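Structural description and commentary
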Amino acid sequence: MLRIRCPWCGERDEVEFRYRGDATKLRPAGDADLAAFAAYLYERDNPLGWHVEWWLHVAGCRQLLKLVRHTLSHEIHAVLAPSDEVSLPTAEARR
Amino acid sequence: MRGPARIARGLLTDAQRPLRFRFDGRDLEGLAGDTLASALLANGQQLIGRSFKYHRPRGVVTAGAGEPCGLVDLLGAAGREPNQLATTLPLRDGLVAESQNRWPSLAFDVFALNDRLSRLLPAGFYYKTFMSPAWAWERLYEPLIRRAAGLGRLEAVVGDHADPAETVHDHGDVLVVGAGVAGLAAAQQLGSCGLRVLLADQDVALGAGPLLEPRWDAWRAATLASLARLPNVRSLASTTVLGAYGHGVFGALETLSAEESRRFGGLRERLRIIRVRRVILASGAAERLIAFPGNDVPGVMLAGAALAYLRRYGVAVGRQPAFFVNNDEAYEALFALAAAGIRSPGVVDPRTESWAMTRARALGIEMHAGAVVSAVGGRCAVRTVTVADLGGAHRATLPADCLLMSGGHTPLIALATQLGAPGQWQEAIAAFTAALAPATGRVARAAHGVFGWAAAARDGAAAARAVAAELGLDAEPLSALCMPADAETTPLAAIWEVRAPGKAFVDLQNDVTAADVRLACREGYEHLEHMKRYTTHGMATDQGRTGGLTGAAVLAAARAVPVSAVGALKPRPFAQPIPFAALAGGEVREHYRPKRRLPLHDWHETAGASFVSAGLWLRPLVYSRTPGWEAVLEEARAVRSAVGITDVSTLGKIDVQGPDAARLLDFVYANTFSTLAIGRARYGIMLREDGLLFDDGTTTRLGPDHFLVTTTTANAGPVLEHLEFHLQSVWRQLDVLLTDVTDQWAQFALAGPRSREVLAAVIPGLDLSNEGFPFMAAAAADIAGVPGRVFRISFSGELAYEIAVPAVHALTAWLAILAAGHSLGIRPYGLDALNLLRIEKGHVTGAELNGNTTADDLGMRRMLKPRGDFIGRALAGRAGLVAPDRLQLVGVRAIDSAQRLRNGTQLVAPADRTRSLGYITSSSPSVEHPGWVGLALVAGGRARIGGRLVGLAPAHGETTELEIVSAHHVDPENTRVRA
């Protein structure tokens, strides 16, 4: 079970959060075509390694967090605000 | 001494407290402190059950949780509990146990024939044999196999009869798994530097390792006393850590002793969810078996188990114990039994020389060096042991009544493996060890290959200092207590299997032989995990703790690769069987999930309501406890003819405020809200980004920057999440705040042609005329002196209002409205009547907003704004979502009004009854029409209005001729709501 260090509430169990998927997918402009929206909604990588993802603290402060998580080790490298710039760690995850 | 085999005082047993118990109908006696297994062995009962597949006689093999064979049924007041582990089950007075998997009796078992037929029952035989005909699997093969194979029988001991269980949450800095020497030393070191430590061990007593060695008594006593003085160290005996779940979360099962159980109202187990910053795994190693013919005869057991039975319970597992061992540690059992006066007829060791062999020779024990055991004489008990040299030539036959084996020790690294640590092969111990990342913790002692108790103590303390340093503390080595020096030992010589005629088992619980492993390999199941699934090697309650690595080594030999290339099985949670009741804890029956009660719950109950669960909510279904539709129809008639009131407080309510509130709503709703006037409400629909309908509800503009969004009851949470997610990710620039006010406001729908008169009586100040307060108007108002809000909105199709008041004042407002409506015949109505009214009117709810429908399907295409961005806009235009043959919302009524309708009834064309054209989503008896009315989703449904279809409900044996009508069964012109 993930323990997520919410910057507002402290370290909490994963069950308090809702996973909202890949945070690098940006919603296309309103007038974008069908293909752009289909890509935004359906096309997802399944990386082995670092993944930037949205977690919403639904059973806590209701704030949206941007996590950098390793998909194999589950190590959480960073918990960021939605507008924060993400820098992926260069080293492999600690297992 | 209680039992002929009880030859000494056990460290755990109390000779003054005899306990009576019954096994297979025999009345026996044991001692307080015994396990069922030790009490049976004390009574000379070695035969304890029949094996899984071949029904071979079996006895206990271990003295602990890794036991493969000692499984029994426990008979109690609550019924029969199968697969109880005799080796860990504490004996209690009056305990009744039965052996498993035998018929008619343990000594004579009909299905032992399976053993003779074993050529017909190879690994994977289910897959190979019972292929056809297909019908025979369910009716013939499976019942037969279930009768012949398997272990315990399950009876209904669950449900209301289950014993209570509970879940507790533990928090700390460090979890130490295993309270052997290393674990105790680690806990002491960590505790001394002030860290909060949890020390868990599955054994009933802490220090189980040193418990076996009298020389360590002083160290053990001193360390336990020192731990007891540290308030920041919590010691949990009888607590098995079941699994490691990452991020410092562990699950553990604590088994309560009989005394504790009485103190806690019959509680037997406690599930502990442990959250810590670091872990020290000092869980030791499990002694492993050697695969040789007859290694399953009752009386063949692990050498370490014999030592444990002697030291812990004072029980000699035999009078003539022969040994087959390959490591010096196993000789401890030989020396201890010899000291207790039990003389071994001989020790077989494949090595030629070792320190322990030298010591054994000095005791005058017959040594067979450079030899193996090639056969065991006896079926229900050991009678002889055949010794052969490494080439297979016969060397000697020893008389024996038990055979104590040891193929070395396999470190228990399951928890480390679950945390992602790869196994590392260690040639010196012929086993895998594991190392944890420093951010997770450390492994100590056997888990990284350290044997010998003094070495273990030093290793545990060193691991603790490393963890303390990780946590920013400087731990000084503690002054060493009097530690006996470790005896010199010679490394083991790996031996996995003795190839000779007869069945040599690698998994005693699942009856998997070394030959089965080779067969699996020949048939292509070369990967360890494939071989496991093909043969069932390493499955079930013991998870292959005694023979798992042995099986892997046999596979390695078959593949002609080193064991390190085959790897070890990955043990997943749980480390031991856990009752479902313990996992459920207190979350059972009425506590299975929380209940949400309406502010007026007590009033509804007093008024005679039957309640229905809607999500977590309890809602009044109808104000009657008599089954049938009559009361529902009366409530609905009151609304259609006069006035009724219903509690709709469960609606989701989200307060939206901020300069950009209108812009946000324009994004999330498919229709427009920025044009909404203050003091007006509007019905809105939300789409998902994929273009399908998500939710609907009315939203009211309370001020220039202030809206109140209502959602369906079921989607109150999801809609708020949807809004928050998009507000904080996609439209971060918008200045809007969302507040969930669902629980803060009670809300009532007052509906019916006389509702205006009732409302006027409780809100005297407000002009309720059509000009002053038209359809979809909203205003702040005092309701019977309570400051609240009034909306002119309708879900019933009648002239109607919704009244919202702060939840704490709900009763005041509700009673005032009832009093005002009394002379007009006002009636409260429940969810059934509310549903009836909305189906008649053709309003949709969760049955139609089912995640598969579009706005067009439900006839709301015109609500989609033609310009501007909103969620779902682009993908709602996909070809598949606008196809003309999609299921569309229509109304249905039976031609024969005496026939009822059912939700889920499939609709077909009269001419082609094999193809479904749609189905009924909602149905109810009607007050406006004779009989029933329904809503349905029908392919190209709007074009079929006026036509007929046939409804099929085969589960009810019903065929109904239906006419397809507009979804608006009443008042399609919408005049009533504007009256």
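1. Quick notes on the sheet that holds strand S42 (residues 786–791) of chain B
Residue and element names in this part refer to chain B. Sheet architecture is open: six strands sit in the order S41-S42-S43-S40-S34-S44, paired in mixed fashion. In this open sheet, the two strands that pair with only one neighbour each are strand S41 (778–783) and strand S44 (827–828). Against the sheet, helix H19 (residues 630–641) makes contact with strand S34 (644–647), strand S40 (745–751) and S44, and its axis sits at roughly 120° relative to S34, the strand it touches most. Docked against the sheet, helix H22 (residues 755–762) engages S40, S41 and strand S43 (800–806), running at close to 135° with respect to S40.

2. Details of the pairing of strand S32 (residues 610–614) of chain B
Residue and element names in this part refer to chain B. Across five bridges, S32 lies against strand S33 (residues 617–622) in antiparallel orientation. Directly across from Ser613, in S33, lies its bridge partner Leu618. The loop that links S32 with its antiparallel partner S33 comprises two residues; one of these, Gly615, has a positive phi angle of about 65°.

3. Thoughts on the domain arrangement of chain B
Residue and element names in this part refer to chain B. Domain parsing of chain B yields domain 1 (1–157), domain 2 (165–285 + 411–470), domain 3 (286–408 + 489–566) and domain 4 (884–979). In this assembly, 37 residues from domain 1 lie in contact with 34 residues from domain 3. Among the secondary structure elements, those contributing two or more residues to the side of domain 1 that touches domain 3 are helix H1 (36–42) and strand S4 (57–59). Split by residue class, the side of domain 1 that touches domain 3 holds 20 nonpolar, 10 polar and seven charged.

4. Focus on the interface of chain A and chain B
At the interface, 23 residues of chain A touch 23 residues of chain B. Of all the secondary-structure elements, those providing two or more residues to the side of chain A that touches chain B are strand S3 (18–22), helix H1 (34–42) and strand S4 (50–56) of chain A. Ranked by residue count, the leading element in the side of chain A that touches chain B is H1(A), at four residues. Of the residues assigned to the side of chain A that touches chain B, the class counts are 12 nonpolar, four polar and seven charged.

5. A look at the sheet that holds strand S13 (residues 249–255) of chain B
Residue and element names in this part refer to chain B. Across the sheet, four strands lie side by side as S8-S14-S13-S12; this open sheet has mixed pairing. Looking at the sheet topology across the chains shown, the edges are occupied by strand S8 (165–171) and strand S12 (239–244). Between one strand axis and the next, the sheet turns by 25° as a mean value, whatever way the strands run.

6. So, helix H23 (residues 810–821) of chain B
All names here are of chain B. The end-to-end C-alpha distance of H23, which contains 12 residues, comes to 17 Å, matching closely the 16 Å that a straight helix rising 1.5 Å per residue would cover. All of the buried residues along H23 are Ala810, Ala813, Trp814, Ile817, Ala820 and Gly821. The arc that holds every buried residue of H23, seen down its axis, measures 130°, which confines them to one face.

Cut-offs applied
- Residues numbered from 1 in each chain as written.
- Chains lettered and ligands numbered in written order.
- Predicted model: local features only at pLDDT ≥ 70, side-chain atom pairs only at ≥ 80, totals over all residues.
- Pairing = 2+ DSSP bridges.
- Helix = DSSP H or I, 4+ residues; strand = E, 2+ residues; numbered from the N terminus.
- Contact = placed C-beta atoms within 7 Å.
- Axes fitted to C-alpha atoms, helices over the stretch in contact; angles between N-to-C directions.
- Domains from an automatic or database assignment.
- Nonpolar A, V, L, I, M, F, W, Y, C, P; charged D, E, K, R; others polar.
- Expected span 1.5 Å × (residues − 1).
- Buried ≥ 20, exposed ≤ 12 C-beta atoms within 10 Å, placed from the backbone.
- Arc of directions from axis to C-beta.

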